[in-house]
Amino acid sequence: MGRSGDIRGDTRRGGVPGAHGAHAEHGPHEDHRAAGADAARPAHGSTGVPAGPGGRGAHGSRGAHRSWAQARAEAVALGARRGAAQREVPLDRALGGVLGADVRALVGLPAFDASAMDGFAVAGPGPWLLVGRQLAGAPASSAGLRPGEAVEIATGARVPKGAESVLPYERATTRDGKVEGPAERGRHVRWAGEETAPGETVLTRGSVIGPAVLGLAASLGHETLPVSCPRLSVLVTGDEVATEGLPGDGRVRDAIGPLLPGIAGWAGARLERVRHLGDDRSALLAEAEGGDTDVVAVCGSSSRGPADHFRSVLDDLGATVVVDGVACRPGHPQLLAYTDRTVFVGLPGNPGAALVAAVTLLVPLLSAMTGRADPGRRLPRAALDHGVVPHPADTRLIAVRLADGRAVPVGHDRPGSLRGAALADAYAVVPPDWDGAEVELVGLP
Ligand SMILES: Nc1nc2c(c(=O)[nH]1)N[C@H]1C(S)=C(S)[C@@H](COP(=O)(O)OP(=O)(O)OC[C@H]3O[C@@H](n4cnc5c(N)ncnc54)[C@H](O)[C@@H]3O)O[C@H]1N2
Ligand code: MOO
């Protein structure tokens, strides 16, 4: 509804008559939030936003909005406190996981003295009498070499005892069963343990298990790796939310369930299941109470409407609420809470806002649970279109493409839409006091 999704209209100063950039991202329907949402907010947050009538938000809030940076910091701190169970996973299933413990070398690398070249292993000064051949995988003769002797040797073959170097073919001359050439003491042999000592720590907890990690682990003799992987389940609420078919006539397709497996995997977690509950409070309570995962994300119940039961369910569970509202646009209705068993994250129902909330709370939480760095925070700062207007109180997250070191808004980034995010490489983080300097970027998977 309302204005075109063109970013020029949405974010450039003066692009829309009378529109402030941040406010303009909401359609006319939602414009009550431009003026009213601040008043409708929970009581004083760190952003200095005034409370609604009676000192509480118009929604009867009990909490205070966290700044966007504080909210992320809270999620990281909670994730680090909770951690995640680790289990031994066979190498062929560990790709993409996160190491739950340091990995040590079970053997030194190389594990034996091995030739680094095809040629001749030689002992003492030359010329050398050729006494045999040593191929890779073959046992070395126990006698070894005496000074003045050589064996023809293949790359990767065991270097016999007594040999001091390998003379590559291209530097050797052979005549009458003898070898000559400029052998250099110690050269062209990979000596046992010279690269990695036995017992040395080669990888640390929190490292992402990529292909090279798997190869390294195998070369060090590991069959399994300690993988730490928080388990996430998702509860999608909303009677209007359908899982198939064409949207319309009051029904929307679930756009959050399909994006969360990728978010979870990116953050080093595993999404166990997505359940659709309608607006049934008792079902939400039962699922939240009986969950067997480390983290439960509840979608579409983060506001204070008549069918938003998440807060009262958290009350019933005796949960401690850490974050109740974040001073960011979109995505301000977000929640972070925990019980002894479970961490809960509340994502707004508007899909574009849900993705912003996911990178604000869920990804930092899950990555901190495994001790890994937040995958969204790998990008350097970038210059941003100066036409972007900051929100007076909230941090804006603006979908951008990255080109030549600049962040270029892609538009289409209304809270209810994922179109902008689908086109974007990252969100540009525009704090309320933005002065046009380079902005932080939060990468998207
Ligand atoms: N009086 C106020 N009303 C609202 C405020 C406010 O400050 N004061 N904030 C608005 C904002 S911002 C958001 S975001 C939403 C968040 O509300 P909920 O998390 O409770 O979500 P719902 O109300 O259930 O849904 C919002 C919107 O999103 C659609 N939806 C829900 N789930 C899905 C899904 N899985 N996939 C696609 N679309 C979904 C739903 O149909 C609604 O259109 O509250 C505002 N209200
Ligand atoms: O704009 Mo709401 O902020 O859609 O989360």
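Each value, and the rule that gives it
Residues numbered from 1 in each chain as written. Chains lettered and ligands numbered in written order. Predicted model: local features only at pLDDT ≥ 70, side-chain atom pairs only at ≥ 80, totals over all residues. Near = placed C-beta within 6 Å. Helix = DSSP H or I, 4+ residues; strand = E, 2+ residues; numbered from the N terminus. Nonpolar A, V, L, I, M, F, W, Y, C, P; charged D, E, K, R; others polar. Domains from an automatic or database assignment. UniProt positions renumbered as here; feature names shortened; annotations may be inferred. Core = buried A, V, L, I, M, F, W, Y, C linked by C-beta atoms within 7 Å. Buried ≥ 20, exposed ≤ 12 C-beta atoms within 10 Å, placed from the backbone. Contact = placed C-beta atoms within 7 Å. Axes fitted to C-alpha atoms, helices over the stretch in contact; angles between N-to-C directions. Parallel < 35°, antiparallel > 145°, perpendicular 65-115°, else oblique. Left-handed = near helix turned anticlockwise from the far one by under 90°. Pairing = 2+ DSSP bridges.

J.: Looking at this structure, how should I read the site of ligand 1?
T.: In the vicinity of ligand 1 there are 26 residues, among which Gly300, Ser302, Ser303, Pro348 and Gly349 approach most closely. Within the residue set of the shell around ligand 1, elements represented by two or more residues are α3 (32-39) and α9 (351-369). Across the shell around ligand 1, the residue classes tally to 13 nonpolar, nine polar and four charged.

J.: Teacher, can you tell me more about the domain arrangement of the protein chain here?
T.: How large an interface is tends to be reported as the accessible area lost when its parts come together. Split into domains, the protein chain comes out as domain 1 (65-82 + 229-375), domain 2 (86-108 + 195-228), domain 3 (114-190) and domain 4 (383-443). For domain 2 and domain 4, the distance between their C-alpha centroids amounts to 38 Å.

J.: I tried to follow the UniProt feature "domain: MoaB/Mog" (unreviewed entry) in the protein chain on my own but got confused; where do I start?
T.: Mapped onto this numbering, the UniProt entry gives "domain: MoaB/Mog" (unreviewed entry) at residues 233-368. Split by type, residues 233-368 is 32% helix and 30% strand. Its first and last C-alpha atoms lie 17 Å apart.

J.: Quick question: what am I supposed to make of the nonpolar core here?
T.: Nonpolar side chains in soluble globular proteins tend to be buried together. In this structure, Ala297, Phe344, Val345, Leu365, Leu366, Tyr427 and Ala428 are the most contacted members of the largest nonpolar core, which totals 89 residues. Considering every element that reaches this core, the biggest residue donor is α9, with 14 residues. What Leu365 contacts, discounting residues up to four positions off in sequence, is Ala75, Leu78, Gly79, Val295, Val343 and Val345. Of all hydrophobic cores here, the second largest spans 19 residues; its members include Ala121, Val159, Ala163 and Leu167.

J.: How should the packing of helix α7 (residues 281-290) against helix α8 (residues 310-317) be read in this particular structure?
T.: Geometrically, a packed helix pair is captured by the angle between its two axes and the distance between the axes. Here α7 crosses α8 at 45 degrees, and the two axes come no closer than 10 Å. In terms of orientation, α7 and α8 fall into the oblique class. α8 is crossed by α7, and the crossing has right-handed handedness. Contact residues: α7 offers Arg281, Leu284, Leu285, Ala288 and Glu289, while α8 offers Phe310, Val313, Asp316 and Leu317. A class-by-class count of the residues in the contact of α7 with α8 yields six nonpolar, no polar and three charged.

J.: Even after reading the chapter, I still don't get the pairing of strand β15 (residues 231-237), so can you show me in this structure?
T.: Every other side chain in a regular strand lies on the same face of the sheet, so the side chains alternate between the two faces. Counting buried positions along β15 yields six of seven residues, so the element is predominantly enclosed. Inspection of the sheet shows β15 paired to strand β18 (residues 270-278) by seven bridges, in the parallel sense. Note on β18: the bridge partner recorded for Val236 is His276. With five bridges connecting them, β15 and strand β19 (residues 295-299) associate as parallel partners. In the strand pairing of β19, Val234 is matched with Ala297.

J.: What is the right way to look at the sheet that holds strand β9 (residues 165-168) in this model?
T.: The six strands are arranged β9-β6-β8-β7-β11-β10 in an open sheet whose pairing can be described as mixed. The open sheet has two edge strands, β9 and β10 (173-175), and neither has a second partner. Neighbour-to-neighbour, the strand axes of the sheet open up by a mean angle of 40 degrees, direction not taken into account. By the bridge criterion, two bridges tie strand β7 (residues 128-134) to strand β11 (residues 178-180) in an arrangement that is antiparallel. Within β11, the residue paired with Trp128 across the bridge is Val179.

J.: Explain the sheet that holds strand β20 (residues 320-324) to me, please; I cannot follow it from the model alone.
T.: Hydrogen bonding along the main chain pairs the strands of a sheet, whether they run parallel or antiparallel. An order of β18-β15-β19-β23-β22-β20 is seen for the six strands of this open sheet, with the pairing classed as mixed. At either end of the open sheet lies a strand with only one pairing partner, and these are β18 and β20. Averaged over all pairs of adjacent strands, the angle between strand axes in this sheet comes to 20 degrees, irrespective of strand direction. Where strand β22 (residues 335-338) lies against strand β23 (residues 343-347), four bridges are found, and the strand directions are antiparallel. When the sheet's bridge partners are listed, Tyr338 is paired in β23 with Val343. Here α9 sits on the sheet and contacts β15, β19, β20, β22 and β23; the angle it forms with β23, its principal contact strand, is near 165 degrees.

J.: Teacher, can you tell me more about the packing of helix α4 (residues 68-82) against α9 here?
T.: Between α4 and α9, the least distance of the axes is 7 Å, while the angle of their chain directions is 30 degrees. Considered as vectors, α4 and α9 are oriented roughly parallel to each other. For α4 against α9, the interelement crossing comes out right-handed. Touching Trp68, Ala71, Arg72, Ala75, Val76, Leu78, Gly79, Ala80 and Arg82 of α4 are Thr360, Leu361, Pro364, Leu365, Leu366, Ser367, Ala368 and Met369, all from α9.

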